[in-house]
Amino acid sequence: MQIAVFDDYRVGVVQADSVIDVTNVLPAALDSRPRDRMNWLIEGWASYVEEVADVVRRAQNGIPLTDVTLRAANPAPGQLFALPSNFHAHLGELGARTVTKGGRTAREQGFFLKAASSVVGAGEQITLPKGSSRRFDHECELAVIIGKTARDVPRANAHEYVFGCSGLIDITMRLEPGEFEEERSMRKSFETFTPLGPFVVTADELGDPSTLSAELRVNDQIRQRAAFADMIVDIDEAIELISSVTTLAPGDVIAMGTPSGVGPLAAGDQVTIEVERIGVMSLPVAERALRAPRSY
Ligand code: MN
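Residues numbered from 1 in each chain as written. Predicted model: local features only at pLDDT ≥ 70, side-chain atom pairs only at ≥ 80, totals over all residues. Heavy atoms only, no water.

(A) Fine view of the packing of aromatic side chains. Applying the stated criterion across every chain yields a total of 6 aromatic pairs. Relative to Phe-163, the ring of Trp-45 has its centre 5.4 Å away and its plane inclined at 90 degrees; by these criteria the two rings are edge-to-face. Here Phe-163 lies in strand β11 (residues 162-169) and Trp-45 lies in helix α2 (residues 45-58), a separation of 118 residues in the sequence. Aromatic pair Phe-81 and Phe-111: ring centres 5.1 Å apart, planes at 90 degrees, arrangement edge-to-face. (Phe/Tyr/Trp six-rings, centres within 6.5 Å; stacked < 30°, edge-to-face > 60°. Helix = DSSP H or I, 4+ residues; strand = E, 2+ residues; numbered from the N terminus.)

Laid out in structure tokens, this is it:
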């Protein structure tokens, strides 16, 4: 199934060019905290899947996707993990701007965290700090959405913990060579710096994500191409790694790292990620109205 979050964080199943609203399978109490609906649906998926399928079967017609505002594939993940240096061709391309020294990969470096509040959806926009002279890069990535609580999961069993996958753009304020080294988690945590979407495609429908490819375009110019078979740490190893450190919860997101071709975004750009079998997400880049208290 392809599951979308839209408008006031309603949840729906995508069929062709429309979405069938299945929000009413969830407890009405969630109407007071709608951003949590997707976490609730994922955690209870085994008990909801038949009812969801039944609503879809009985639906006369859905809402055209062009008539809704798509939100992040999961608008409120509890945790947002990300892998650095997970494609050989990306190693070294940042020169002095990298924090991953000496050609080390995600296998040696492990993961970092982005603020979960940095996620944004396919129907929204990316906002850069106002008046900044810094470099803000796009990174074209596969997102894994965790389906079940995972702690100390061996890689051989890791696939059982994947709810599904989505597309993800990991936007990053780069280090300025010679300047102080600002924390990576801050540079990647600006609100809207993690577009996640357009939908979650459930693991059963997606098949093996390592066979898929992706492309990232800026203003229709191709900047990045990814073959997920080239990932150094694959999804199973990533779940083994992260769950050996802490507990992964349903709805948590893992950004799997970027291939080569990262490059700058500026206000006025349109950035598009297209992941095979998952879909296309295209967001405009704008500037915040409010100037930050320190210059970024
Ligand atoms: Mn990244």
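Following the structure, the description resumes.
(B) Quick look at the coordination of the manganese ion. Within the protein, the manganese ion binds to Glu-139 (OE), Glu-141 (OE) and Asp-170 (OD); these donor distances fall in the range 2.0 to 2.2 Å. All donor residues of the manganese ion come from one chain, and their arrangement in sequence is E-x1-E-x28-D. The class for Glu-141 is buried, based on a relative accessible area of 0%. (Donors = N, O, S within 2.8 Å, 3.2 Å for Na, K, Ca; no water. Buried < 20%, exposed > 50% of the residue type's maximum accessible area, 1.4 Å probe, protein only.)

(C) Fine view of the side chain of Lys-188. Relative to the helices and strands, Lys-188 is located in the loop between α4 (184-187) and β13 (194-202). By relative accessible area, which is 3% here, Lys-188 ends up buried. Discounting residues that sit within four places of it in the chain, Lys-188 has contacts with Phe-112, Lys-114, Ser-118, Glu-139, Asp-170, Ile-171, Thr-172, Phe-193 and Thr-194. (Contact = heavy atoms within 4.5 Å.)

(D) Representation of unusual backbone geometry within the structure. The residue after Gly-197, namely Pro-198, is reached through a cis peptide bond having omega 10 degrees. By the secondary structure assignment, Pro-198 is in strand β13. We note that Asp-220 has phi near 70 degrees; this positive angle belongs to a residue other than glycine. Asp-220 gets classed as exposed once you look at its relative accessible area, which sits at 68%.

(E) Just helix α6 (residues 235-245), in detail. The set of residues buried in α6 consists of Ile-235, Glu-237, Ala-238, Ile-239, Ile-242 and Ser-243. Buried residues belonging to α6 abut β5 (80-82), α3 (106-109), β10 (140-146), β11 and β16 (253-255). Where α6 begins, the capping side chain belongs to Asp-234, and its oxygen is found 3.3 Å from the backbone nitrogen of Asp-236. (Polar contact = N/O pair within 3.5 Å; in protein donor to acceptor, adjacent residues only side chain to side chain.)

(F) Summary view of α2. Its 14 residues place the ends of α2 19 Å apart at the C-alpha level, agreeing with the 20 Å of an ideal helix rising 1.5 Å per residue. Those residues of α2 that fall on the buried side of the exposure criterion are Trp-45, Tyr-48, Val-52, Ala-53 and Val-56. Viewed along the axis of α2, the buried residues span an arc of 140 degrees, placing them on a single side of the element. Opposite the packed face of α2, turned more than 90 degrees from it, sit the exposed residues Ser-47, Glu-50, Arg-57 and Arg-58. For α2, the elements touching its buried residues are β1 (2-6), β2 (10-15), β3 (18-21), α1 (37-43), β11 and β13. (Expected span 1.5 Å × (residues − 1). Arc of directions from axis to C-beta.)

(G) Region of interest: the sheet that holds strand β9 (residues 136-138). Spatial strand order, β12-β9-β17: 3 strands in an open sheet with antiparallel pairing. The outermost strands of the open sheet, each flanked by one partner alone, are β12 (172-173) and β17 (263-264). In this sheet, β12 lies alongside β9 in antiparallel orientation, the contact comprising 2 bridges. What sits directly across from Phe-136, in β12, is Met-173. (Pairing = 2+ DSSP bridges.)

(H) Structural detail: the pattern of salt bridges. Counted according to the given criterion, the structure contains 22 salt bridges. A salt bridge links Asp-21 to Arg-10, with the nearest nitrogen and oxygen atoms 2.5 Å apart. Residue Asp-21 is located in strand β3, and its partner Arg-10 is located in strand β2; the two are separated by 11 residues in the primary sequence. Classification of Asp-21 as partly exposed rests on a relative accessible area of 26%. (Salt bridge = Lys/Arg side-chain N within 4 Å of Asp/Glu carboxyl O.)

(I) Spatial organisation of the sheet that holds strand β15 (residues 221-227). One open sheet holds the 5 strands; their spatial order is β8-β19-β18-β14-β15, and the pairing between them is mixed. Each edge of the open sheet is held by one strand with a lone partner, namely β8 (126-128) and β15. Within the sheet, the average angular offset between the axes of one strand and its neighbour, ignoring direction, is 20 degrees. Sheet topology note: the strand β14 (residues 213-218)/β15 ladder contains 6 bridges and is antiparallel. From the neighbouring strand, Glu-215 faces β15, where its bridge partner is Arg-225. (Axes fitted to C-alpha atoms, helices over the stretch in contact; angles between N-to-C directions.)

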